[in-house]
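Observations on the model geometry
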Amino acid sequence: LDYILRNLNVEQLVVCGQMTDQCIESIVRDAADLGYLVSVVEDACGAQSEDAHQKGLFGMKGFSRRVKTEQVLRELRSDGSVTSATNNDECLLTQDTVKDGASVKETLYH
């Protein structure tokens with residue numbers, strides 16, 4: 001994965017997922033050791049208990065910055081190229097791009 005990310009000139013990672021105190025913490029430490037700037041979306045991670053979740057977040061202190069989902073979305077929108085909309089349980093993330101000279105809205109996640 002590191003090889004692919006470096007070839008894509010990726011410097012920053014936004015991490016979320018399950019098992020904050022295990023999988024997420026391992027990924028964050030590895031990524032930081034490899035020189036990536038890592039943001040952990042604390043309200044988009046989970047563990048088997050709140051205590052385990054908090055322990056995992058504490059263990060990543062110094063290796064990453066902690067952010068909330070809303071902050072990540074604001075940062076993605078700051079250049080105007082990425083927007084989001086929430087409709088019930090559906091989350092839609094789109095990006096404006098140009099294909100064959102025409103402006104196209106691409107769905108990144110739903």
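One can find the structure itself at the top, above this paragraph.
Right, let's walk through the structure included here. (Residues numbered from 1 in each chain as written. Predicted model: local features only at pLDDT ≥ 70, side-chain atom pairs only at ≥ 80, totals over all residues. Heavy atoms only, no water.)

**Some details on the nonpolar core**
- In this structure, Leu-5, Leu-13, Val-15, Ile-24, Val-28, Ala-31, Tyr-36, Val-38, Val-40, Cys-45, Leu-57 and Met-60 together form the largest nonpolar core, which totals 12 residues.
- In this view, Val-38 contacts Leu-13, Val-15, Val-28, Ala-31, Ala-32, Phe-63, Ser-64 and Arg-65; residues no more than four positions away in its chain are not counted. (Core = buried A, V, L, I, M, F, W, Y, C linked by side-chain atoms within 4.5 Å. Buried < 20%, exposed > 50% of the residue type's maximum accessible area, 1.4 Å probe, protein only. Contact = heavy atoms within 4.5 Å.)

**Thoughts on helix α2 (residues 20-33)**
- Between its terminal C-alpha atoms α2 stretches 18 Å, which fits the 20 Å expected from 14 residues at 1.5 Å a residue.
- Residue Gly-35 follows α2 closely and has a positive phi angle near 95°. (Helix = DSSP H or I, 4+ residues; strand = E, 2+ residues; numbered from the N terminus. Expected span 1.5 Å × (residues − 1).)

**Some remarks on the sheet that holds strand β3 (residues 65-67)**
- Taken in spatial order, the 3 strands of this open sheet run β1-β2-β3, and their pairing is parallel. Of all strands in the sheet, those bounded by a partner on one side alone are β1 (12-18) and β3. Each adjacent strand pair in this sheet contributes to an overall mean axis angle of 30°, direction not counted.
- Inspection of the sheet shows β1 paired to strand β2 (residues 37-46) by 6 bridges, in the parallel sense. Bridge pairing in β2 places Leu-13 opposite Val-38.
- The strands that α2 touches are β1 and β2; relative to β1, the one it contacts most, it runs at about 165°.
- Lying on the sheet, helix α4 (residues 69-77) is in contact with β1, β2 and β3; it crosses β3 at an angle near 95°. (Pairing = 2+ DSSP bridges. Axes fitted to C-alpha atoms, helices over the stretch in contact; angles between N-to-C directions.)

**Considering the pattern of salt bridges**
- This model, assessed by the stated rule, comprises 4 salt bridges.
- Among the salt bridges present, the one from Asp-2 reaches Arg-6, with a minimum N-O distance of 3.0 Å. Pair noted here: Asp-2 and Arg-6 are both in helix α1 (residues 2-7), with a separation of 4 residues, about one helical turn.
- Accessibility expressed as a relative area gives 27% for Asp-2, which makes it partly exposed.
- For Arg-6, a relative accessible area of 39% gives the class partly exposed.
- A salt bridge links Glu-42 to Arg-66, with the nearest nitrogen and oxygen atoms 3.1 Å apart. With Glu-42 in strand β2 and Arg-66 in strand β3, this residue pair connects regions lying 24 residues apart in the sequence.
- A relative accessible area of 15% places Glu-42 in the buried class.
- Residue classification places Arg-66 among the partly exposed residues on the basis of a relative accessible area of 41%. (Salt bridge = Lys/Arg side-chain N within 4 Å of Asp/Glu carboxyl O.)

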